[in-house]
Amino acid sequence: MSILPDPTAPTTAAPPARPTCPLPPRLPGIRGSAGRSLTRLRVGVGLVAAALGAALPGAAQAAPVVLVYHQVGTSGGASLGIDPDALNRRIETLRRMGYRFVTASEAARAPASERVAVIQFDDGFESVYRLALPVLRAQGVPGTAYVIWSRVGQPGSLSAAQVQELRAAGWEIGTHTHAHAALADLSPAGLRRELAAPDQETGDAAPRCVAYPLNRQDARVRREARRQGLQCGVAGGPPALGRADPMALPAPAITPWDDSLLPMRVRWGLDARAPLLLMGVTAPALDGVRGEHPATRPPLTWNPAHYELLGNGLISAAWRGERETRLAWREGAWSVNVAARRGVGPENGAYTGAGVALNVSPFTLAAGLDSSGPLLGGAVALGGYGELWGRASRLRDEWQWGWGGTFIPADYWVVTAAHDAAGTQLGLRAAVPWQSGEGRPLRLGGGYRWGEKPGPFAEAEYRVGSYAVTAELSGDASGERRFGVKFTSVW
């Protein structure tokens, strides 16, 4: 993870060279349209790498380490819990590696070359005061606690007095929102409500940082956090390639094996999503490399100018008769968006497209290449309620247009629309008012498609933190029923 540079620090060396990505060699055994498509994609890889390199202000020389926990006194792993002895070992490991421990806002202001580490506790559990405070106090380490304000004083949570005592001990008290909502699913009014901390709990020391619940945030969330006076935010996920956005600092997920893996994860910035990212990049490339695969259209709902509703990144894989993979990665005002389709229709068509987008609020412009040639895209934000987008690409020497939009009229309600030459889709999705303190993880929705394979569809999605599994059932006039499933991870 990278952080902002210290503007007062003297410059002692020339900045490192921007990253480059050599084009892969032409693979043997690929001829005809497949060979021509691969040639275009080789150029596209170079274009994406060059544009991303230009977007990066330079790789940081060191990155702060942020270890995020919740309960203390429980086992690690998916629970994000840790026992006091293991917490003590993590601190000693990082100290041997030369790290200095600071709070979250101090890390955001630290010089880029300094090795700093943050011990962070989300949700404001009472066990943090009872079990973590003695460990960190004995080690001379400050902690950062992100509090859910509606839970202060409830059984199992920190009391107002304990919050003040942590602050007096040198800890930073940040906000984990009012009720631990999924911020990226809220309307502007909902964002204002969740990101405003109650004065009676914070006193004169208003929070300076926010930890986004469930690692779910987007440009709308980051803007509202700034309006509320917050100076930094923790978004989770793998480290940035360049200097991280201070309003969305990465924090790679912990693992149950950090007694052994922590030194390697610190050196390389490895996150638990690393295998997913590797599969997301390599699977489409290896799927159908040999043989003739005629070019087909982009995915109906794909936006190559994805930014307004994007956090730090996204990866998804879907199977519904065809295979579809999407990857998005944000660096500051830039984003890279990739989409791949395989096994499309009776001809076993294929599509791969990649675009680099630049956001100049409220507009985002994108350019890149896909399987058939140049790719263009654009989007405009809807004042915090979503976005409208459009794209243009060539297929069989003709320009093909597509457009769509996402509208969030109220908390946990989403309306979507998309259209291209193949058809039109309208959809509505809502979160079931269940487990609101965990972002309402169950979503139900449906809609209708016109054009190719017209008919209604219904979907159900269940989320576990920043991961989601979606099941879809659709049908057409002939009575054919199709089932699909999609896996998504965001950060």
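Residues numbered from 1 in each chain as written. Predicted model: local features only at pLDDT ≥ 70, side-chain atom pairs only at ≥ 80, totals over all residues. Heavy atoms only, no water.

Caption draft 1: Summary view of the overall build of the chain. Within the chain, the secondary structure is distributed over 10 helices and 21 strands. Residues classed as buried in the chain amount to 52% of the 491 residues present. As displayed, the chain offers around 21,600 Å² of accessible surface, 60% of which is attributable to carbon and sulfur atoms. (Helix = DSSP H or I, 4+ residues; strand = E, 2+ residues; numbered from the N terminus. Buried < 20%, exposed > 50% of the residue type's maximum accessible area, 1.4 Å probe, protein only. Areas by Shrake-Rupley, 256 points an atom, 1.4 Å probe, with all protein chains shown as cover.)

Caption draft 2: The environment of Gly-447, seen in detail. Secondary-structure assignment places Gly-447 in strand S18 (residues 442–451). Residue classification places Gly-447 among the partly exposed residues on the basis of a relative accessible area of 25%. The spacing of Gly-447 and Gly-427 is 20 residues in sequence and 4.2 Å in space, taken between C-alpha atoms. With sequence-adjacent residues up to four places away left out, Gly-447 is seen in contact with Leu-426, Gly-427, Pro-456 and Phe-457. (Contact = heavy atoms within 4.5 Å.)

Caption draft 3: Examining the packing of helix H2 (residues 84–96) against helix H4 (residues 126–139) more closely. Two elements in contact, H2 and H4, have axes separated by 10 Å at closest approach and are oriented at 30°. Compared by their axis directions, H2 and H4 come out roughly parallel. Helix-helix and strand crossings are classified by hand; for H2 and H4 the assignment is right-handed. Contact with H2, carried on its side by Pro-84, Leu-87, Asn-88, Ile-91, Glu-92 and Arg-95, involves Leu-131, Ala-132, Val-135, Leu-136 and Gln-139 of H4 and no other residues of that element. When the residues that make up the contact of H2 with H4 are grouped by side-chain class, the tally is seven nonpolar, two polar and two charged. (Axes fitted to C-alpha atoms, helices over the stretch in contact; angles between N-to-C directions. Parallel < 35°, antiparallel > 145°, perpendicular 65-115°, else oblique. Left-handed = near helix turned anticlockwise from the far one by under 90°. Nonpolar A, V, L, I, M, F, W, Y, C, P; charged D, E, K, R; others polar.)

Caption draft 4: Structural detail: the pairing of strand S17 (residues 423–431). Bridging between strand S16 (residues 413–420) and S17 involves eight bridges; their strand directions are antiparallel. Paired with Trp-413 across the two strands is Ala-430, which belongs to S17. Between S16 and the antiparallel strand that follows it, S17, lie two residues. Relative to S18, S17 runs antiparallel, the two being bridged by nine bridges. Looking at S18, one finds that Ala-430 is bridged to Leu-444. (Pairing = 2+ DSSP bridges.)

Caption draft 5: Looking closely at unusual backbone geometry. Residue Pro-362 is bonded to the preceding Ser-361 through a cis peptide linkage, with omega at 10°. Among the structural elements, Pro-362 can be located in the loop between strand S11 (349–360) and strand S12 (363–370). Phi at Leu-214 takes a positive value of approximately 65°, unusual for a residue other than glycine. Counting through the fold element by element, Leu-214 comes out in the loop between strand S6 (209–211) and helix H8 (219–227). Taking the relative accessible area as the measure of exposure, Leu-214 reaches 17% and is therefore buried. Of note in this structure, Lys-453 is not a glycine but carries a positive phi near 50°. Here Lys-453 shows up in the loop between S18 and strand S19 (455–464).

Caption draft 6: A look at a nonpolar patch on the surface. There is a patch of nonpolar side chains on the surface, built from Tyr-385, Phe-407, Trp-413, Val-415 and Leu-428 and spanning about 440 Å² of accessible area. Its place among the elements puts Trp-413 in strand S16. (Patch = residues over 30% accessible without salt bridge, like charges linked within 9 Å, V, L, I, M, F, W, Y side chains within 5 Å. Salt bridge = Lys/Arg side-chain N within 4 Å of Asp/Glu carboxyl O.)

Caption draft 7: A look at the state of the cysteines. Counted under the stated rule, the structure contains one disulfide. Linked covalently through their sulfurs, Cys-209 and Cys-232 form a disulfide whose S-S length is 1.6 Å. With Cys-209 in strand S6 and Cys-232 in strand S7 (residues 232–234), this pair connects stretches of sequence that are 23 residues apart. Both residues of the pair, Cys-209 and Cys-232, count as buried. (Disulfide = S-S within 2.5 Å.)

Caption draft 8: Region of interest: the side chain of Glu-324. Structurally, the position occupied by Glu-324 is in strand S9 (residues 322–331). A relative accessible area of 9% means that Glu-324 is categorised as buried. Engagement of the side chain of Glu-324 in a polar contact is seen with the side chain of Arg-326, the distance being 2.6 Å. Residues in contact with Glu-324, not counting those within four places in the same chain, are Pro-299, Ser-316, Ala-317, Ala-318, Ala-340 and Arg-341. (Polar contact = N/O pair within 3.5 Å; in protein donor to acceptor, adjacent residues only side chain to side chain.)

Caption draft 9: Helix H9 (residues 258–268), seen in detail. Along H9, the positions that sit buried rather than exposed are Asp-258, Leu-262, Arg-265 and Val-266. Buried positions in H9, seen along its axis, are confined to an arc of 100° and lie on one side of it. Exposed side chains of H9 directed beyond 90 degrees from the buried face belong to Ser-260, Arg-267 and Trp-268. On its buried side, H9 packs onto strand S1 (65–69) and H2. The positive-phi residue at the C-terminal boundary of H9 is Gly-269, with phi of around 65°. (Arc of directions from axis to C-beta.)

Caption draft 10: Spotlight on the nonpolar core. Within the largest apolar cluster, 33 residues are counted, with the highest numbers of intra-cluster contacts made by Leu-87, Ile-91, Leu-94, Ile-119, Phe-121, Leu-136 and Trp-171. Sorting the residues of this core by element identifies S1, H2, strand S3 (116–123), H4, strand S4 (144–147), helix H5 (160–168) and H9 as the ones contributing at least two each. It is H4 that contributes the most residues to this core, five residues altogether. Setting aside chain neighbours within four positions, we find Leu-136 in contact with Leu-87, Ile-91, Ile-119, Phe-121, Val-141, Pro-142, Gly-143 and Trp-171. Within the second largest apolar cluster, 18 residues are counted, among which are Val-68, Ala-107, Cys-232 and Ala-251. (Core = buried A, V, L, I, M, F, W, Y, C linked by side-chain atoms within 4.5 Å.)

Caption draft 11: Molecular detail of the confidence of the model for the chain. Taken as a whole, the chain shows an average pLDDT of 85; of its residues, 84% reach a score of 70 or greater. Low confidence marks residues 1–62, where pLDDT is under 50. Its contacts with residues over four positions away, or in another chain, come to 95 contacts. (pLDDT = per-residue confidence, 0-100.)

Caption draft 12: Broad picture of the packing of aromatic side chains. One pass over the full model with this rule turns up eight aromatic pairs. Between the aromatic rings of Tyr-448 and Trp-450, the centroid separation amounts to 4.8 Å while the plane-to-plane angle is 55°, which identifies the pairing as tilted. Seen from the ring of Tyr-307, Arg-222 lies directly overhead, with NZ or CZ sitting 5.9 Å from the centre. Above the plane of the ring of Phe-457 lies Arg-449, whose end atom (NZ or CZ) is 4.2 Å from the centre. (Phe/Tyr/Trp six-rings, centres within 6.5 Å; stacked < 30°, edge-to-face > 60°. Lys NZ or Arg CZ within 6 Å of the ring centre and 35° of its normal.)

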